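Here's the letter readout for the chains.
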Amino acid sequence: MSEGPITKDVLVKTVTKILIPPIQLFGLYVIMHGHISPGGGFQGGVIIASSFILYALVFGYREGAHRAKLKIRQFLEPLGPIIFGTIGLICILFSGNFLQYSAIPILANAEIAATAISLVEIGIGITVTAVIFSIFMAMGGRKTDG
Amino acid sequence: MLLNQNQLPILLVLIPLFGAYLAAISVLFKKKINNILSLILLSLSFFLSLLTANHVLTSGDISYHTAGLQPPFAIEIVVDPLSALMTIIITSLSLLTVIYSREFIRKELSDKRESYYYILVLLLTGGLNWFVIAGDIFNMFVGLEILSISSYSLIAIAQNKEAIASAYQYLLMGSIGSSFFLLGTGYLYIMTGTLNFADLAIRIAQLGLFNSEAIFASTAFIVTGLSIKGAIFPLHVWMPDAYSKALAPICALSSGAIIEAAVYALIRITLTVYGIEFITEIVPVKTILLWLAGIAIIIGSLYAISQSNIKRMLAYSSVSQMGYIVMGYGIGTQLGLSAGILHLFNHSIMKACLFFAVGAIAYKTGKTDLYEYEGMGDKMPVTMMFFSLAAISMVGIPPTNGFISKFYLVWASASSTRWIFAAIILVSSLLNAIYFFRIINKAYFGGGHEEASRDEAPYTMLVPIGVLAISCVVFGLAFNIPLSLIEPVAEKLMTLSLII
Amino acid sequence: MIDIHYIAVILLLSIGFYGILFKRNLIKTIIGLSIIEYAVNLFLITLAYVDGGVAAIYTLAPHENMVFPVPHALVLTSIVIGLATTALMLGLAVNIYQKYDTLDTQFVRRLKE
């Protein structure tokens, strides 16, 4: 991919700018409803990542790399599994089994436990967003060896 | 103590996997921390795997359910003595690999790749542990994919162009294997409505599915898929290319743990899910694998003799050694199964030691070819001594562990009056002797004494090689230690008869 | 009644294997592999299908007539795994192109010494 913007077309740029917020909102919706209806961290994460990819395609590789810096992405990539593992380990510390929410006193209520599941989904969503966008950037911009 | 003993199995999986992501974050804040971090985490998992084995031997199998649900709904983890043995092999080898890699990787890879390397090793260990202790077939598949993807990347991480091409080839074959495994899982699920190993066995028997074509198909797909991963004879073609170009510690880990784990899974699935009668009489998986193993042993050894690149030679030797393991399984008696699994344990020690030693020699001198080993006995005496010890063990000379497991295999094939396989083992020992003694001869008596000055590998590399070489002898004398973990399971697997 | 889904699975599998075995371009082999993965996914989804069944979602489904939920979970996981595999393969293909200046397997496969 070329370094600069691949299009100078005002129309494409404007439509992209208008489209990106609804795409991300939809992605968040899919993530947040993952524990009760179709959706989840992976699907929502991919949707949000696609908005970033759209941005990088229209405004160019460098602009995309500037908006979501490599350092930040590298920090976010392992975050989801760490959240997941930490919640699981907390359950073990409260002498339950792995991911046994009922072992944690606050989460004994099923409604609140569902929130904890959402937390895991959000973590996965963050990871998937970062990973998919990183894969795209690594393939697109070989010069930076991402 | 913070930890309940019952939490041990999940920690075996969780510590390396969680640690991999922890390493990925911590490397952003402090460079070069990954070596220490992975060393600590893997020592911890090694310690835990020993604890698990102790717990399993003293108070019986552990069945662990996540999320506090009961088995068809929860993910079940089952640890019996055999899977405890597998986790010991896996964690000890990856611990030794990390110790060994400290100097080796610093020379071979750039800083950035070095940090990725340790993350991938942790992921691989977590995937392997998950793979061997999973209690249902789908989690086994997930573990298989985690370990496969990290091993493809680890083979490609060596930045020469052949490594990338061979990793590509490995990935292509491995992914087909995984797809087959998943297809087989689909067949099993739709026929029985469960994925849990114990449930599968019961339901196949209860529903009388032993004559159903879908179950035949699932057997074929799962066995083929795992044979690709385990480099069982006609499907081994990815292995020599991958091993001759990959980094030496990765070859050791892969040859010592990955293909072993796949063969272990083959044994476990065929014997627990389908049962011994099914794979002997209805679908003759065992007989087919037995004859393939016989061919593999001879062909692998012959190919090994014809190689001059030592890592390639060791890879072909692995093909023939996998043949021994599968042969023990294919003989189909309890003694044969114990012998095969004992050889699995011994092979991972010997082959890892050989790959480590070859890597150390390449690290110091850059020599990878058989004909360049002249005078190596004077140049790197300690490394070469350990290499010879492991090589002697591979040939099967007492009092090494290679002798014990080959003796058991010969005994098993003789006691079931399959004389031809006893003969094959003896012939192949001779072939092994040809290609290993050729190297030893070259190194010690091949000339080149005058130019040789002592230049030994660093201690971080010598220690893993030494530990493995000495265990070759230790487990040659104390072979009842692994057998005490193998025999109860072998007995259970062979007597498990569910055909009503 | 001939079930058309299974024929589709077989066709997709054959197309995938054709791509892997007979195509010389690396990208085409990757496409072949992806087709095999999706054939397996389609197979699992077809197995889960119940005539007239509704999606097995807690909020929507009347309890009596649901499709099997477990294969759907398997397919979700397998799609994620397929993503990782495909990304890794494409990454390797990019690397191969940089090192060998070609994507033709005939020139890449010169590994034997």
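Criteria and cut-off values
- Along each chain, numbering runs from 1 in the same order as the chain's sequence is written.
- For naming, the first written chain is A and the first written ligand is 1, with later ones following in the order written.
- In keeping with the model being predicted, local features are shown solely for residues with a pLDDT of at least 70 and side-chain atom pairs are shown and tallied solely at 80 or more, while totals for entire chains, interfaces and linings include all residues.
- Secondary structure elements follow DSSP: runs of H or I of four or more residues count as helices, runs of E of two or more count as strands, with numbering from the N terminus.
- Residue burial here comes from a neighbour count, namely the number of other C-beta atoms, placed from the backbone, that lie within 10 Å of the residue's own C-beta, with 20 or more meaning buried, 12 or fewer meaning exposed, and in between meaning partly exposed.
- C-beta atoms are first placed from the backbone for all residues, and any pair lying within 7 Å is then listed as a contact.
- A radius of gyration in this sense is built from C-alpha atoms; the matching globule rule multiplies 2.2 Å by the number of residues raised to 0.38.
- A strand pair is defined by DSSP finding two or more bridges across the two strands.
- Each helix should span, by expectation, one fewer than its residue count multiplied by 1.5 Å.
- The term nonpolar core refers to a set of buried Ala, Val, Leu, Ile, Met, Phe, Trp, Tyr and Cys residues connected through C-beta atoms within 7 Å.
- Residues are grouped as follows: Ala, Val, Leu, Ile, Met, Phe, Trp, Tyr, Cys and Pro are nonpolar; Asp, Glu, Lys and Arg are charged; every other residue, Gly included, is polar.
- To define axes, lines are fitted to C-alpha atoms, for helices over the stretch in contact only, and angles between the resulting N-to-C directions are given on a 0 to 180 degree scale.
- Orientation labels follow simple angle bins: below 35 degrees gives roughly parallel, above 145 gives roughly antiparallel, 65 to 115 gives roughly perpendicular, and whatever is left gives oblique.
- Put simply, a crossing is left-handed when the front helix is turned counterclockwise from the back one by less than a right angle, and right-handed when it is turned clockwise.
- Predictor confidence is given residue by residue as pLDDT, running from a minimum of 0 to a maximum of 100.

Caption draft 1: Highlighting the overall build of chain A. Looking only at helices and strands, chain A has six helices and zero strands in total. Along chain A, helices (α) and strands (β) appear in the sequence α-α-α-α-α-α when read from the amino end. Expressed as a percentage of the 146 residues in chain A, the buried residues total 38%. Sequence-distant contacts, at least 24 apart, represent 66% of the contacts inside chain A between residues at least 6 apart.

Caption draft 2: Representation of the overall build of chain B. When its secondary structure is counted, chain B shows 20 helices and two strands. Rg of the C-alpha trace for chain B: 22 Å, near the compact-globule value of 23 Å for 500 residues, within the 12% margin. Projected onto its principal axes, the C-alpha coordinates of chain B cover approximately 75 × 60 × 45 Å. Out of the 500 residues belonging to chain B, those deemed buried represent 64%. Contacts in chain B between residues far apart in sequence, at least 24 positions, make up 80% of those at least 6 positions apart.

Caption draft 3: Local environment of the pairing of strand S2 (residues 76–79) of chain B. Residue and element names in this part refer to chain B. Residues of S2 alternate between two faces, with Glu76 and Val78 on one and Ile77 and Val79 on the opposite face, all of them buried. Note: strand S1 (residues 62–65) against S2, four bridges, orientation antiparallel. If you follow serine 63 over to S2, its bridge partner there is valine 78.

Caption draft 4: Layout of helix H17 (residues 401–415) of chain B. Residue and element names in this part refer to chain B. Here H17 contains 15 residues, and its C-alpha end-to-end distance of 21 Å stays within 8% of the 21 Å for a straight helix at 1.5 Å per residue. With 11 of 15 residues buried, H17 lies mostly within the body of the structure. Taken together, the buried positions of H17 are Asn401, Gly402, Phe403, Ile404, Ser405, Lys406, Tyr408, Leu409, Val410, Ala412 and Ser413. Looking at the buried side of H17, the elements it contacts are helix H13 (310–331), helix H14 (334–365), helix H16 (381–395), helix H18 (419–445) and helix H19 (459–477). Downstream of H17 by one or two residues, threonine 417 has phi in the positive range, about 50°.

Caption draft 5: Representation of the nonpolar core in the model. If you look at the biggest cluster of nonpolar residues, it comprises 235 residues, and the most contacted ones within it are Ala167, Cys353, Phe356, Ala357 and Ala390 of chain B. The element contributing the most residues to this core is helix H10 (residues 248–274) of chain B, with 19 residues. Excluding its chain neighbours within four sequence positions, the residues that come into contact with alanine 390 of chain B are Met350, Cys353, Leu354, Ala357, Leu468, Ala469 and Cys472 of chain B. Membership of the second largest hydrophobic core comes to 26 residues, among which are Leu76, Val131, Ile132 and Phe136 of chain A.

Caption draft 6: Region of interest: unusual backbone geometry. Residues and elements named next belong to chain B. Each neighbour pair has its own omega, and for proline 398 with proline 399 the value is 5°, a cis peptide bond. Relative to the assigned elements, proline 399 resides in the loop between H16 and H17. Of note in the backbone geometry, alanine 231 takes a positive phi value of approximately 55° without being a glycine. The topology assignment puts alanine 231 in the loop between helix H8 (213–229) and helix H9 (238–245). Residue alanine 231 is classed as buried on the basis of its C-beta count, with 28 C-beta atoms lying within 10 Å. One non-glycine residue, threonine 417, adopts positive backbone phi at about 50°. Relative to the helices and strands, threonine 417 resides in the loop between H17 and H18.

Caption draft 7: Inspection of helix H2 (residues 34–59) of chain B at higher detail. Here H2 of chain B contains 26 residues, and its C-alpha end-to-end distance of 36 Å stays within 8% of the 38 Å for a straight helix at 1.5 Å per residue. Downstream of H2 of chain B by a residue or two, glycine 60 of chain B has a phi angle that is positive, lying close to 85°.

Caption draft 8: Region of the structure containing the interface of chain C and chain B. In this complex, chain C contributes 27 residues to the contact, which on the side of chain B involves 26 residues. Going through the elements one at a time, helix H2 (26–48) and helix H3 (69–100) of chain C are the ones with two or more residues in the side of chain C that touches chain B. Per-element tally for the side of chain C that touches chain B: the top contributor is H3 of chain C, with 15 residues. Here the side of chain C that touches chain B is built from residues that sort into 19 nonpolar, five polar and three charged.

Caption draft 9: Quick look at the packing of H8 of chain B against H10 of chain B. Residues and elements named next belong to chain B. Contact pair H8 / H10: the axes reach a minimum separation of 8 Å and the direction vectors enclose 165°. Judged by the inter-axis angle, H8 sits roughly antiparallel to H10. Once H8 is placed against H10, the crossing between them reads as left-handed. Here Thr219, Ile222, Val223, Leu226 and Lys229 of H8 lie close against H10, whose contacting residues are Ala262, Ala265, Leu266, Ile269, Thr270 and Tyr274.

Caption draft 10: Broad picture of the confidence of the model for chain B. All names here are of chain B. Per-residue confidence for chain B gives a mean pLDDT of 86, with 96% of residues at or over 70. Per-element mean pLDDT across chain B ranges from 78 in helix H15 (residues 376–379) up to 91 in helix H5 (residues 137–156). The complex prediction reports pTM at 0.91, with the ipTM value standing at 0.91.

Caption draft 11: Quick look at the packing of helix H3 (residues 81–108) of chain B against H14 of chain B. All names here are of chain B. Packing of H3 against H14 leaves a shortest axis separation of 11 Å and a crossing angle of 0°. If you check the angle between H3 and H14, you find them roughly parallel. Every residue of H14 that contacts H3 at Leu82, Leu85, Ile89, Leu93, Tyr100, Phe104 and Lys107 is listed here: Ile341, Phe345, Ser348, Ala352, Phe356, Gly359 and Tyr363. Among the residues forming the contact of H3 with H14, the class breakdown is 11 nonpolar, two polar and one charged.

Caption draft 12: Here's a closer look at the environment of phenylalanine 180 of chain B. All names here are of chain B. Counting through the fold element by element, phenylalanine 180 comes out in helix H6 (residues 161–192). Measuring from C-alpha to C-alpha, the distance between phenylalanine 180 and valine 223 comes to 8.8 Å, with 43 residues separating the pair along the chain. Aside from chain neighbours lying at most four places away, what touches phenylalanine 180 is Phe221, Thr224 and Gly225.

Caption draft 13: Summary view of the environment of isoleucine 424 of chain B. Residue and element names in this part refer to chain B. Structurally, the position occupied by isoleucine 424 is in helix H18. Judged by C-beta crowding, with 24 C-beta atoms within 10 Å, isoleucine 424 ranks as buried. In sequence terms isoleucine 424 and isoleucine 341 are 83 residues apart; their C-alpha atoms lie 18 Å from each other. Look past the residues within four positions of isoleucine 424 in its chain and what remains in contact with it is Gly294, Ile297 and Ile298.

Caption draft 14: Spatial organisation of the environment of threonine 16 of chain A. Residue and element names in this part refer to chain A. Residue placement: threonine 16 occurs in helix H1 (residues 10–32). Sequence separation of threonine 16 and valine 131 is 115 residues, and the distance between their C-alpha atoms is 22 Å. Beyond its immediate stretch of four places on either side in the chain, threonine 16 contacts Leu54, Tyr55 and Val58.

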